[in-house]
Amino acid sequence: MKMQIAPGIVMLGMMDGGLDLFESQYPLEHGVSYNSYVILDERVAVLDTVDVRRMDEWLGELEQTLGGRDVDYLVISHMEPDHSGALEAFAARYPNAALVGNAKTFGLLDQFSQGRAALARQTVKDGETLSLGAHTLKFLLAPMVHWPEVMVSFEESEGVLFSADAFGRFGSLNAQEPWEPEARRYYANIVGKYGAQVKALLAKTATLPIRAICPLHGPMLTGNDTERAVELYQVWSSFAPQERGVLVAYASFHGHTAQAALRLADELEARGEKVARIDLMRTHKSYAVAEALRFDRMALAATTYDGGYNPAMEAFLAALKSKGCQGRTVALMENGSWGPLAAKKMREALEGMKNMRVLEQQVTLRSAMSAQNEEEIAQLAQALTEA
């Protein structure tokens, strides 16, 4: 999608609707976009390339946008291959362009390109500017949001923040679609571990007169959407829950643990709680990680397995730890026909995370849900509601 977003500034958004897994691990229901931007002024700047999967399409759109002009600068915000995949092809087509990046950018560039992108280089530092004529770019380093070389660019005349991977979203470029759910899943799984670094970036940009945010994935944000996105990033980067509610995540082999978990979800809803139900056996853990970031409480239900607990629940808890999840209240439910250990193992995993409060009260099923279990589930729902 080609769109003029401000005088002299054009977005080249390449939609990849056929990609099923982002980074070969996160499911995509509606694909993902790779966004590049062009500033046409006395001097021409291109901000980032795209993934090799959309390289030819992007080069064609770029040539048409330039209208016969050459490129003076290619600004590299982020060296991850979904944004630098067309860099070598760009270098071959526009040999007069200079690459603009920071010292860490060019270290990664040399590793990826092995000398195949031999253009002039202009190294910038935090806060430095580049004048293109009527447009001026101010560069702000954003290390570990979410790679060490990341930087964002603020175009001063139009108030446009080119935010690299910050404020990105899975899915299409359609700005009419809800931004928040897939933006939260993107943040929680791609950027989420680096909350302190995100806060540092938000502090750098807090005084800028931002009128639009242009990320490398997903639609441009303007007006109230910009303000809402910044508010959410403030919350998410602090690891604070976005709202009150309970994630009920369960991992069940034969359905009995699932039945009990869903009974708990119903009991919670009957008490006025907002609930997200996620079957970890059939739903990718990235969705559960996003809901854990959203809500203040979790209920985890898993079967005992091989002297431990269900591998799907184990993978989910490992993902929560790696993404820095903290400060939640958790209730546990286990199932074990002969020697239940799932709750013990889940408790141990949660103890390795920061400020996780695990309720002492738990539910243990022996193969299937009993009448006593039903009463215990109601009591656990009440305890979670009061937590």
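Description of the structure in this document. (Residues numbered from 1 in each chain as written. Predicted model: local features only at pLDDT ≥ 70, side-chain atom pairs only at ≥ 80, totals over all residues. Heavy atoms only, no water.)

Focus: the overall build of the protein
For clarity, the cut-off: Secondary structure is summarised from DSSP: a helix means a run of H or I of at least four residues, a strand means a run of E of at least two, and numbering begins at the N terminus for each. Contacts are assigned to residue pairs that have any heavy atoms within 4.5 Å of one another. Note on charges: Lys and Arg go in the positive column, Asp and Glu in the negative column, and His and the chain ends are not counted at all. A single reference atom marks each charge: NZ on Lys, CZ on Arg, CG on Asp, CD on Glu.
Broken down by element type, the protein carries twelve helices and 21 strands. With the C-alpha coordinates of the protein rotated into their principal frame, the extents come out at 75 × 40 × 35 Å. At a minimum sequence separation of 6, the contacts of the protein that also span at least 24 residues come to 70%. Distance between charge centroids for the protein: 5 Å, based on 37 positive and 49 negative side chains.

Quick notes on the layout of surface pockets
Short version of the rule: Note on definitions: the grid is 1 Å and covers protein atoms alone; a cavity is a set of points where a 1.4 Å probe fits but cannot get out; a pocket is an open set with protein on both sides within 12 Å along at least five of seven lines; lining residues have an atom within 4 Å of a point. Grid points are joined across faces, edges and corners, and a volume is the space filled by probe spheres set on the points. All amino acids are sorted into three groups, where Ala, Val, Leu, Ile, Met, Phe, Trp, Tyr, Cys and Pro are nonpolar, Asp, Glu, Lys and Arg are charged, and the leftover types, Gly among them, are polar.
Empty space within the largest pocket amounts to approximately 330 Å³. In terms of lining, the largest pocket is formed by 18 residues, of which the most central are T303, T304, N335, G336 and S337. Among the elements of the structure, α8 (256–270) and β18 (295–305) are those that each provide at least two residues to the lining of the largest pocket. Here the lining of the largest pocket takes three residues from β18, the largest share from any one element. Residue composition of the lining of the largest pocket, grouped by class: four nonpolar, 13 polar and one charged. Space inside the second largest pocket adds up to approximately 260 Å³. Lining the second largest pocket are 16 residues, and of these E29, P181, E182, R185 and Y287 lie nearest its centre. If you list the elements that add at least two residues to the lining of the second largest pocket, you get α5 (180–191) and α9 (285–294).

Describing the side chain of S172
Put simply, the rule reads: Three exposure classes are used, based on accessible area relative to the maximum for each residue type with a 1.4 Å probe and protein chains only: buried under 20%, partly exposed in between, and exposed over 50%.
The residue S172 is located in the loop between β13 (160–162) and α5 in this model. A residue is classified by how much of its surface remains accessible, and S172, at 14% relative accessible area, is buried. Not counting residues up to four positions away in its chain, the partners in contact with S172 are M15, H30, E177, G218 and P219.

Re the environment of G171
Tracing the sequence through the fold places G171 in the loop between β13 and α5. Discounting residues that sit within four places of it in the chain, G171 has contacts with M15, H30, G31, V32 and S33.

A word on the packing of aromatic side chains
Stated precisely, the cut-off is as follows: To pair, rings of Phe, Tyr and Trp, with the six-membered ring standing in for Trp, must have centres within 6.5 Å; the planes then decide the type, stacked if under 30 degrees apart, edge-to-face if over 60, and tilted in the middle. Any Lys NZ or Arg CZ found within 6 Å of a ring centre and within 35 degrees of that ring's normal is scored as a charge over the ring.
Applying the stated criterion across every chain yields a total of twelve aromatic pairs. Summarising the aromatic geometry, the rings of Y233 and W236 are spaced 5.7 Å apart at their centres and angled 50° between planes, so their arrangement reads as tilted. Of the two residues, Y233 and W236 both sit in helix α7 (residues 223–237), three residues apart, roughly one turn of that helix. The pair Y233 / W236 is uniform in exposure class, with both members buried. Among the aromatic residues, ring-to-ring pairing joins F167, Y187, Y233 and W236 into one connected group. Just above the ring of Y287 sits the side chain of R185; from NZ or CZ to the centre is 4.1 Å.

By themselves, these observations are geometric and do not establish any function.
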